[in-house]
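# Commentary on secondary and tertiary structure
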Amino acid sequence: MFSLYIESGYQLNISERHSTIELYGGSDLSYFTQLSHIPTRASNDYYTLLDVINNGQNLHQEYINLLFGIRSVGKAKDITTKTGKKLKRCEVKILDETCKSFPLIFWDHVLSDLAQSWTPQEHVIFAADCRVTFDDYRKAMIATATSKTIFTINPDTPEAYNLYQYVQGLDFSEEDFGDTSANQAVIDLSAITSVYNVEGVKQLQTQMVSNPSSDTSDGICGIIFGYLSTFDIDSEISSVVLTRCKKCWYKVDSRAKTCSNVNCSAGSVDDLFNEAISADLSQSLDILVNITDCTGTLGNVRFSGAPLEKCIGLTIDEFLCLQDQQKTELKWKFLLEKCKIYFKIMPRMNEKSHTSIKVLSCQLADPNEMAIYAEI
């Protein structure tokens, strides 16, 4: 028999034969409702997602506590096992300050329905007795909700409040959080073989919005042979370079020297830009480009970070040393030239009716290879 662990010194035993449970509907119900936001464990008794990743198989099959925000909620699917048992599967992507995406799996009708009520970037959850395992297929750790798992939604604790503030400041449309994402997947470009034209990509976007599912919650990757019809790498620095605070990962306005997180622990605004602690700032190239072929144009495609650095052959520090004329010359090496572009489409987690596209790789196309796909 499973006995729920609680911090209280009291325990209530209920038997199926002699006990009944009814919902309370008294006038003071709101007073007791507050108790639903108090976790069954100490507010600081949990693993961070980075702890789970770093411990790896040492935590295999262990039941642990987690505190997390919601990144995305996949569509619940009805599944029938080989033995004829009917299940409902739902996958939720969770996150915290240490990891931007971690899978939490549900195999239960009631819990799957509960997960469907969670809103990305709005709900923070304390999960007691959540099972973590090493998934041989993914070669990574995952979490699974079981009958033992107790979820406290929007816990009334300082830790949960701080996590909520952190999650609210994230911009998922950018899809590139740098090295702070502990388990940020390295995409194998050689495994991407599907080639699309611009019209085909737009159809994928429409399908992702109209028929969301857990199969597409991780995004869709593909290849386009087209042209960069806008490539404003020579714009003013504030439009090309993204600056973030490493402490809270909020955006920092380098001109106003302002971190958008008033609760940031990095120090005063001016301190962020002092040379002595410049390690608290992260800078990366970040621009929006248009991709065009004979079927149309994809606008506002994000091109940032390592893929952009590899494309232009310069690190962020090297780029910052260029003169304006050099940046313009660099721009015309790629603008309106035939390119082979690897891309990824992602649903915007806080805007269910929209998707975002990012460039995974861009290089000048081999004319022979481009000719093969010219009719696509």
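Up top is the structure.
Below is a short write-up of the structure. (Residues numbered from 1 in each chain as written. Predicted model: local features only at pLDDT ≥ 70, side-chain atom pairs only at ≥ 80, totals over all residues. Heavy atoms only, no water.)

### Regarding the overall build of the protein
Along its length, the protein carries 11 helices and 16 strands. Pairs at least 24 apart in sequence give 67% of the contacts found in the protein among residues at least 6 apart. Accessible surface for the protein amounts to roughly 20800 Å². Of this, 49% is attributable to carbon and sulfur atoms. (Helix = DSSP H or I, 4+ residues; strand = E, 2+ residues; numbered from the N terminus. Contact = heavy atoms within 4.5 Å. Areas by Shrake-Rupley, 256 points an atom, 1.4 Å probe, with all protein chains shown as cover.)

### What about a nonpolar patch on the surface?
The grouping of Y24, L29, Y31, F32, L35 and I38 at the surface amounts to a nonpolar patch, some 630 Å² of accessible area in total. Mapping F32 onto the fold places it in helix α1 (residues 29-33). (Patch = residues over 30% accessible without salt bridge, like charges linked within 9 Å, V, L, I, M, F, W, Y side chains within 5 Å. Salt bridge = Lys/Arg side-chain N within 4 Å of Asp/Glu carboxyl O.)

### Focus: the side chain of D129
Relative to the elements of secondary structure, D129 occurs in strand β5 (residues 124-135). Within polar-contact distance, the side chain of D129 engages the side chain of R41 at 2.8 Å. (Polar contact = N/O pair within 3.5 Å; in protein donor to acceptor, adjacent residues only side chain to side chain.)

### Quick look at the pairing of strand β9 (residues 220-230)
As judged from the 2 bridges shared by strand β8 (residues 195-196) and β9, these two strands associate in the parallel manner. Residue Y196 lies in a different strand from β9, and its bridge partner there is I224. Alignment of β9 against strand β13 (residues 281-293), held across 3 bridges, turns out to be antiparallel. Bridging across to β13, L228 finds its partner in I291. (Pairing = 2+ DSSP bridges.)

### Here's the deal with the nonpolar core
F231, I291 and F303 are the most contacted members of the largest nonpolar core, which totals 34 residues. Those elements that place two or more of their residues in this core are α5 (198-210), β9, β13, β14 (296-304), α8 (305-312), α9 (316-320), β15 (338-348) and β16 (351-364). Apart from the residues lying within four places of it in its own chain, the contact partners of F231 are I287, V289, F303, L308, I312, L330, K331, F334 and L335. I70, C99, F106 and F151 belong to the second largest nonpolar core, which has 25 residues in total. (Core = buried A, V, L, I, M, F, W, Y, C linked by side-chain atoms within 4.5 Å. Buried < 20%, exposed > 50% of the residue type's maximum accessible area, 1.4 Å probe, protein only.)

### Points about the side chain of D286
Mapped onto the elements, D286 comes out in strand β13. Taking relative accessible area as the criterion, D286 reaches 12% and is therefore assigned buried. For D286, the side chain forms a polar contact with the side chain of R302, separated by 2.5 Å. With near-sequence residues (within four places) excluded, D286 lies in contact with S239, V240, L242, R302, F303, S304 and L308.

### Notes on unusual backbone geometry
One non-glycine residue, N300, lies in the positive phi region at around 55°. For N300, the location among the structural elements is in strand β14. One non-glycine residue, L336, lies in the positive phi region at around 65°. Of note, L336 is situated in the loop between α10 (324-331) and β15.

### Some points on the state of the cysteines
Here is the idea: a disulfide is a covalent bond, and it sits between the sulfur atoms of two cysteines. A full pass over the atoms with the stated rule returns 0 disulfides. Note on C311: no disulfide assigned, nearest cysteine sulfur contributed by C362 at a separation of 4.3 Å. (Disulfide = S-S within 2.5 Å.)

### Looking at the packing of aromatic side chains
Here a ring pair, both rings aromatic, is described through the centre-centre distance and the interplanar angle of the planes. A full pass over the atoms with the stated rule returns 7 aromatic pairs. Taken together, a centroid distance of 5.4 Å and an interplanar angle of 70° make the contact between W118 and F151 edge-to-face. Residue W118 is located in the loop between α3 (109-116) and β5, and its partner F151 is located in strand β7 (residues 150-153); the two are separated by 33 residues in the primary sequence. Both residues of the pair, W118 and F151, belong to the buried class. The rings of F106, W118 and F151 are connected pair by pair, giving a single aromatic cluster. K148 extends its terminal NZ or CZ atom over the ring of Y63, reaching a point 4.0 Å from the ring centre. (Phe/Tyr/Trp six-rings, centres within 6.5 Å; stacked < 30°, edge-to-face > 60°. Lys NZ or Arg CZ within 6 Å of the ring centre and 35° of its normal.)

### Observations regarding α8
Taken as a whole, α8 has its buried residues at G305, P307, L308, C311 and I312. Projection of α8 onto a plane perpendicular to its axis shows the buried side chains occupying an angular sector of 160°, all on one side. Exposed and facing more than 90 degrees away from the buried side of α8 are A306 and K310. Looking one or two residues beyond α8, the residue adopting positive phi is G313, at roughly 75°. (Arc of directions from axis to C-beta.)

### Here's the deal with the environment of I125
With respect to the helices and strands, I125 occurs in strand β5. Owing to a relative accessible area of 0%, I125 belongs among the buried residues under this scheme. Each C-alpha atom of the pair I125 and I150 lies 9.9 Å from the other, and the pair is 25 residues apart in sequence. In contact with I125, not counting residues within four places along its chain, are L66, L67, F68, I70, W118, F151, T152 and I153.

### Comments concerning the pairing of β14
Alignment of β13 against β14, held across 7 bridges, turns out to be antiparallel. Pairing of V289 across the sheet is with V301, part of β14. Counted between consecutive antiparallel strands, the loop separating β13 from β14 contains 2 residues.

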